[in-house]
Amino acid sequence: MRRVLTTKLFLITVIIMGWLAMSGAVYALPMADLVYQETDIGGGQWQYDYTLFNLSDPGYNLYDVFFLVDSSVTMSIEAFAPDWDGFGGAGFGEIFSLDPGSDILPGASLGGFRFIFDSRVGNIFFEALFTEPTGLEAPLIVPGVTAPAGAPVPEPSTLLMVGAGLSGLWFLKRRR
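Residues numbered from 1 in each chain as written. Predicted model: local features only at pLDDT ≥ 70, side-chain atom pairs only at ≥ 80, totals over all residues. Heavy atoms only, no water.

**Q** Could you give an account of the packing of aromatic side chains, naming the residues involved and the relevant values?
**A** Across all of its chains, the model carries twelve aromatic pairs by this definition. Taken together, a centroid distance of 6.5 Å and an interplanar angle of 20° make the contact between Phe-66 and Phe-92 stacked. Taken together, the positions of Phe-66 in strand S3 (residues 61-68) and Phe-92 in strand S6 (residues 92-97) put the pair 26 residues apart, joining distant regions of the chain. Accessibility expressed as a relative area gives 25% for Phe-66, which makes it partly exposed. Aromatic pair Phe-67 and Phe-115: ring centres 4.9 Å apart, planes at 70°, arrangement edge-to-face. Residue Phe-67 is found in strand S3, and its partner Phe-115 is found in strand S7 (residues 109-117); the two are separated by 48 residues along the sequence. Of the residues examined, Phe-67 reaches a relative accessible area of 0% and is grouped as buried. Chaining the aromatic ring pairs together yields one cluster made of Tyr-36, Tyr-48, Tyr-50, Phe-67, Phe-115 and Phe-117. (Phe/Tyr/Trp six-rings, centres within 6.5 Å; stacked < 30°, edge-to-face > 60°. Helix = DSSP H or I, 4+ residues; strand = E, 2+ residues; numbered from the N terminus. Buried < 20%, exposed > 50% of the residue type's maximum accessible area, 1.4 Å probe, protein only.)

The following block contains the structure:
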C-alpha cells in the first residue's frame, strides 16, 4: 500500500512539473533585466551605469523603462544609449526609445545609460514596457528589480530540472 501511494505521489509531481513547463512555454511573457555597475564619485554622489536586456521570446520589443526610488533621492540621467531619451527627478526616472527602430529586440541588450544619484541606491524597482510589433496587443508593463552586473539569476527551467531531479532521487530512495 505504501509503495502504491509513493508511486502515485511521484507521478502526480512529474505531471504537475510537466504541465508547468508546458504552460510557461506556451504563455511566455516578456521579461527584462537591468544590471548596473556602481561607482562612488564622491560628495555623496553615486554613478550607476545600466545595461538593459530584453529576455523575451520573439514577439515583444522593449521600448520604455520607468524607475522608482525613495522620494528623498534625486536622480539625474547623464548619458543615453543612441536614439533613446529620458528624464529624472526626485524619486523617479524614465528612459525611452525615440522611435520603433531603436527598441530593444528579444534576446538583445543595450548599454550606455548613466544615472547619477545623490545617495547610494543599490537595487531599485523598475517597470519595463513592451510592445508587440504588429500592434495587435496593448503594451505590456512588466515589473523588475535592478541587479549588480555579474549577479547570477536562476532560470525557471533550471529550477524545474533541479526539482525534478530531487523528486526522482527521493522516489528512488523511498523505493529501496
